[in-house]
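Observations on the model geometry
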Amino acid sequence: MKIKFLLIFFSVISLLSSGLWGCGSLTREEKDIYTITERDTTYQHFVRNSPVNQNQGTVFPSSREVLSERNSIQRDSTITRYYPDFIRMGVFESIGTIGGNANYGIGTGLFGVFIDQNTSASSRGGSGKIFNGGIYRLGIGEWRLRWFRDAKNWTIGTSIYEALLPDARSEKYLMSTFPIYIRKRYYLREEIPYIAITPAFGFGWFPSQYINLSGSIDVGSIGGLNLRAYIGYAVGYNGSWTPQIANNDYTKKEQTVNFPYIGIGMSMLDFLNRVPETYVEWKDHEHSSWQIGWLGGSLLTSNAQYSSLSDSSKTFIKGFDVEVARTNVVLPILNNSLYAGTSLFKLIVVGDNNWTTSVLPIRVGYWTTILQDELTATPFLEIGYYPNYYFNLGGEFNLRISDMLDVGLKGGFISGEADKFEIFKSDSKTFNYSKFYFGISFRIIDRIFFPKELRYNRKDLPKQPKRYE
């Protein structure tokens, strides 16, 4: 049941983020309307002999007549151009923070996603944790804010959901739907990957009311991946009617919350445009990845004796895998075919008690294009290290059905340990396994890029217009 809960949770992340992308403005259309005029002049020559042109020994002169006719045709022509209409659009951001009460540390770990396994089951945390709390955002969007006579790099933004957790005490959680943030970016590097210093002011309004002042050093975006270091201060209020208080077993009183924090965070499927890039057509944008996808899954068969889906050993389908937020970033060596990648979360099940989970596994591979715009292949090596260790050597064939859908075949060998993490334990045992597997995969909202689309291979990209700085 807990595995199903996690799958549902990450599916909801994708759906909520899709909703924000649909509500916000992602693409701006500009139409150039032309009147095309075609003019054509036709000349006709006629030679008319004299009526008395007879053979009388004398040649009579001939008369020549020229008729000219001019035609003019006009028609309208419309060219539509598509531009990005956002500064930042992202699915998920998490930050592991140092702050709050050290006696109630959550132990969120680096980036806020490596939760301490020893205290994860405790609702009040414990002491001795480096990262006491965390900050989490789902469905992030920012658009240009044209303040101070169009001063550079001001944005206004929001997210579907934001949670500021100073420590493990739930009555201290500050949470809001669609908080408002104003940011100003100072770019230290204006080429991919960008480096910027970003002060921000934000406030949440429901169910918590709070103000969050922060500053960050941002590195990214490349393939939707970003790293950030934060420093900030949050102050807020939780009324007795808020979910944090109404469902609390320790207190039913309203709470005033304030805490300073520092933290290290990352975000995935989080894309950033500088202002000049919003005046470059989508077709001319620079790409740095072979693959970027939201959600993928596979049906697998393996040499496991029993299926995870049935008690029968004769069942052909022995397991499945689920992957959220995949990114494979190009390494500009060996003809740009090598890549390094990761995923926000991955679950692999190849048989009964033969399964493993991982947060941010490390993947390296070699990307090959078999058919342009259609078929690719990639051998890869993937290593998971938290909460379970596994070693996965395999290969994939990917067929692009559209920009939003891919299907493929995959196979390989996986060896690992199942279930160090308490919430996944089966009969309080830890299983080590090594299995061969083969399966068919499906990926939705998944984009595969081809060599001609990579920025390393393109010499025809237009320069960003300076007048829009």
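Thresholds applied
- Residues numbered from 1 in each chain as written.
- Predicted model: local features only at pLDDT ≥ 70, side-chain atom pairs only at ≥ 80, totals over all residues.
- Heavy atoms only, no water.
- Helix = DSSP H or I, 4+ residues; strand = E, 2+ residues; numbered from the N terminus.
- Buried < 20%, exposed > 50% of the residue type's maximum accessible area, 1.4 Å probe, protein only.
- Lys, Arg positive; Asp, Glu negative; His and termini not counted.
- Salt bridge = Lys/Arg side-chain N within 4 Å of Asp/Glu carboxyl O.
- Polar contact = N/O pair within 3.5 Å; in protein donor to acceptor, adjacent residues only side chain to side chain.
- Contact = heavy atoms within 4.5 Å.
- Pairing = 2+ DSSP bridges.
- Patch = residues over 30% accessible without salt bridge, like charges linked within 9 Å, V, L, I, M, F, W, Y side chains within 5 Å.
- Areas by Shrake-Rupley, 256 points an atom, 1.4 Å probe, with all protein chains shown as cover.
- Core = buried A, V, L, I, M, F, W, Y, C linked by side-chain atoms within 4.5 Å.
- Domains from an automatic or database assignment.

1. A short note on the side chain of Lys 184
Along the polypeptide, Lys 184 turns up in strand β7 (residues 180-184). An unpaired buried charge is present at Lys 184: no salt bridge exists, and Glu 190, the closest side chain of opposite charge, is 10 Å distant. A polar contact is formed between the side chain of Lys 184 and the backbone oxygen of Lys 152, at a distance of 2.3 Å. If we ignore the near neighbours within four places in the chain, the residues touching Lys 184 are Lys 152, Asn 153, Trp 154, Ile 197, Thr 198 and Pro 199.

2. Some points on the pairing of strand β5 (residues 154-165)
For β5, a buried count of ten out of twelve residues is recorded, marking the element as mostly surrounded by other parts of the structure. By the bridge criterion, ten bridges tie strand β4 (residues 133-144) to β5 in an arrangement that is antiparallel. The partner of Ile 140 across the bridge, within β5, is Ser 159. Of the strand pairs in this sheet, β5 and β7 are connected by four bridges, and their pairing is antiparallel. If you follow Ile 156 over to β7, its bridge partner there is Ile 182.

3. So, a nonpolar patch on the surface
Taken together, the side chains of Phe 178, Phe 201, Phe 203, Trp 205, Phe 206, Ile 211, Leu 213, Tyr 233, Val 235 and Trp 241 define a hydrophobic patch exposed on the protein surface, amounting to about 950 Å² of accessible area. Secondary-structure elements contributing two or more residues to the nonpolar patch are β9 (194-204), β10 (209-222) and β11 (225-238). Of note, Trp 205 is situated in the loop between β9 and β10. On the accessibility criterion, Trp 205 (46% relative accessible area) is partly exposed.

4. Describing the environment of Ser 288
Relative to the helices and strands, Ser 288 is located in the loop between β12 (255-272) and β13 (289-302). Its relative accessible area of 7% is what places Ser 288 among the buried residues. The spatial distance from the C-alpha of Ser 288 to the C-alpha of Ser 221 is 9.7 Å, given a sequence separation of 67 residues. Among all residues touching Ser 288, those that are not within four sequence positions of it are Ile 192, Ile 222, Val 329, Val 330, Arg 455 and Tyr 456.

5. Some thoughts on the side chain of Ser 159
Structurally, Ser 159 is set in strand β5. Residue class for Ser 159 comes out buried when judged on its relative accessible area of 2%. If we ignore the near neighbours within four places in the chain, the residues touching Ser 159 are Arg 137, Leu 138, Gly 139, Ile 140, Thr 177, Phe 178 and Pro 179.

6. Section: the nonpolar core
One finds Phe 92, Val 113, Met 266 and Leu 360 to be the most contacted residues of the largest nonpolar core, which totals 45 residues. Among the elements that line this core, the one with the most residues is strand β15 (residues 338-351), at seven residues. Here this core gathers at least three residues from each of two domains, domain 1 (84-279) and domain 2 (285-455). Apart from the residues lying within four places of it in its own chain, the contact partners of Met 266 are Phe 92, Glu 93, Ser 94, Phe 111, Val 113, Asn 226, Leu 227, Leu 344 and Leu 360. Grouped together as the second largest cluster of nonpolar side chains are twelve residues, Leu 164, Leu 174, Tyr 230 and Phe 259 included.

7. A closer look at the pairing of strand β19 (residues 375-384)
As defined by bridge partners, strand β17 (residues 362-366) adjoins β19 across four bridges and the pair is classed as antiparallel. Note that in β19 the partner of Val 364 across the bridge is Leu 381. The pairing of strand β18 (residues 368-371) with β19 spans three bridges and is classified as antiparallel. Bridge pairing in β19 places Leu 371 opposite Leu 375. In this structure, the hairpin formed by β18 and β19 is closed by a connection of three residues, where Asp 373 is found at a positive phi of approximately 70°. Sheet topology note: the β19/strand β20 (residues 390-402) ladder contains ten bridges and is antiparallel. For Phe 380, the partnering residue across the bridge sits in β20 and is Gly 394. Where β19 hands over to β20, the hairpin turn is made up of five residues, counted between the paired strands.

Structural measurements only, silent on function.
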